[in-house]
Amino acid sequence: MDATLLIDRRTHDLGGGLIVGRVLPYRKRRMVGPFIFLDHLGPLDLAPGIPKALDVRPHPHIGLSTVTYLYSGAITHRDSLGFEQEIRPGEVNWMTAGSGITHSERLEYARSHGAHMHGIQAWVALPQEAEETAPCFHHHHGPEQLPEVHENGVASRLIAGSIDGDTARVQTHSPLFYLHWEMDAGARRSLSAQYPERAVYVARGEVELDGYILPEGRMLVLAAGSSAQITARQPSTLMLLGGDPIGERFIYWNFVSSSKDRLEQAREDWRAQRMTLPVGDDQEFIPLPEDPPGSR
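Residues numbered from 1 in each chain as written. Predicted model: local features only at pLDDT ≥ 70, side-chain atom pairs only at ≥ 80, totals over all residues. Heavy atoms only, no water.

**Some thoughts on helix 2 (residues 260–271)**
Thought 1: For helix 2, spanning 12 residues, the distance from its first C-alpha to its last is 17 Å, which sits close to the expected 16 Å at 1.5 Å a residue.
Thought 2: Among the residues making up helix 2, those that are buried are Arg262, Leu263, Ala266, Arg267, Asp269 and Trp270. For helix 2, the angular spread of buried residues about the axis comes to 165°, placing them on one side. Seen from the buried face of helix 2, the exposed residues on the opposite side, beyond 90 degrees, are Lys260 and Asp261.
Thought 3: Among the structural elements, strand 5 (56–61), strand 10 (101–106), strand 24 (250–252) and strand 25 (255–257) are those in contact with the buried residues of helix 2.
Thought 4: One side-chain oxygen of the residue at the start of helix 2 lies 3.2 Å from the amide nitrogen of aspartate 261, identifying that residue as serine 259. (Helix = DSSP H or I, 4+ residues; strand = E, 2+ residues; numbered from the N terminus. Expected span 1.5 Å × (residues − 1). Buried < 20%, exposed > 50% of the residue type's maximum accessible area, 1.4 Å probe, protein only. Arc of directions from axis to C-beta. Contact = heavy atoms within 4.5 Å. Polar contact = N/O pair within 3.5 Å; in protein donor to acceptor, adjacent residues only side chain to side chain.)

As structure tokens, then:
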């Protein structure tokens with residue numbers, strides 16, 4: 001197994017003081033398969049009564065699917081299609097923005113009860129033929145929808161896509177896989193070479209991949225063509241992801257597109273308040289980055 005790149009998470013403030021570790025995009029590697037964004041939230045302890053400033057206020061997306069996946073804690077999702085869903089650990093909250101959607105992510109459970117927050121948010125860029133698809137939202141949980149395998153000290157859950165004969169029931173638009181592994185110390189397992197672009201991210205613990213030592217907060221992008229042997233040096237939480245490449249994509253803020261003109265249109269739509277805010281959460285929003293706070 002050959003590696004092509006090591007990526008360390010970088011500190012990023014989502015606004016209001018909520019700090020995450022940003023992994024993708026990276027200046028030397030914008031995407032892995034269709035995955036164009038990956039943020040690592042926590043682990044952090046939130047006390048009851050936390051300020052609303054820590055919430056992610058209503059904001060827009062185009063041209064992608066988002067997936068929020070928690071190891072612990074809870075987040076309340078609301079969107080412009082009218083869906084309200086509390087996201088809990090091990091569940092998949094898959095929102096396809098397509099031609100445009102808005103949503104908010106509130107820490108309502110933590111505000112009431114306190115919480116140990118830990119999780120990952122990823123964006124999956126849509127292929128050109130699906131970039132303007134109608135927005136939709138789906139919530140998935142349980143082994144019937146998210147296949148699980150428990151063997152030799154490794155608990156695996158397929159969050160989305162297909163790999164090694166298993167397929168999650170999440171609707172995707174291009175060939176991909178997204179896995180969560182929990183590994184006991186000393187456990188070993190291989191990641192197949194089914195897809196040309198693959199990466200392994202360590203959310204907790206430390207693993208070894210054919211001589212590479214990966215501590216918490218580091219991603220290893222793998223070369224195509226051979227399986228990767230992964231050994232846990234301590235109890236570890238991994239996210240494994242990748243798929244077929246879908247071509248160049250441009251990013252502006254929360255918008256992803258194969259067209260810079262489409263990004264400019266999305267900018268203007270949001271600036272002019274032509275995008276509907278989430279149902280039940282339409283009293284505030286995040287302005288465009290260049291717009292001063294409170295400009296609404």
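**Describing the side chain of arginine 262**
Thought 1: You can see arginine 262 is positioned in helix 2.
Thought 2: In this structure the side chain of arginine 262 is engaged in a polar contact, spanning 2.7 Å, whose partner is the side chain of glutamate 132.
Thought 3: Not counting the four nearest positions on each side in its chain, arginine 262 is found in contact with Ile62, Ser99, Glu132 and Ser257.

**Section: the layout of surface pockets**
In this approach, a probe sized like a water molecule rolls over the atoms, and the result shows the empty space that is left.
Thought 1: Of the volumes computed, that of the largest pocket is approximately 700 Å³.
Thought 2: What lines the largest pocket is a set of 34 residues, and nearest its centre among them are Leu14, Arg22, Asp39, Val56 and Asn254.
Thought 3: Of all the secondary structure elements, the ones that give two or more residues to the lining of the largest pocket are strand 2 (10–13), strand 3 (19–24), strand 4 (35–46), strand 5, strand 6 (64–72), strand 10 and strand 11 (115–125).
Thought 4: Here the lining of the largest pocket is composed, by residue class, of 18 nonpolar, 10 polar and six charged. (1 Å grid on protein atoms, 1.4 Å probe; cavity = no way out; pocket = protein on both sides within 12 Å on 5 of 7 lines; lining within 4 Å. Points joined across faces, edges and corners; volume = space filled by probe spheres on them. Nonpolar A, V, L, I, M, F, W, Y, C, P; charged D, E, K, R; others polar.)

So far we have only geometry, and geometry alone does not tell us how the molecule works.
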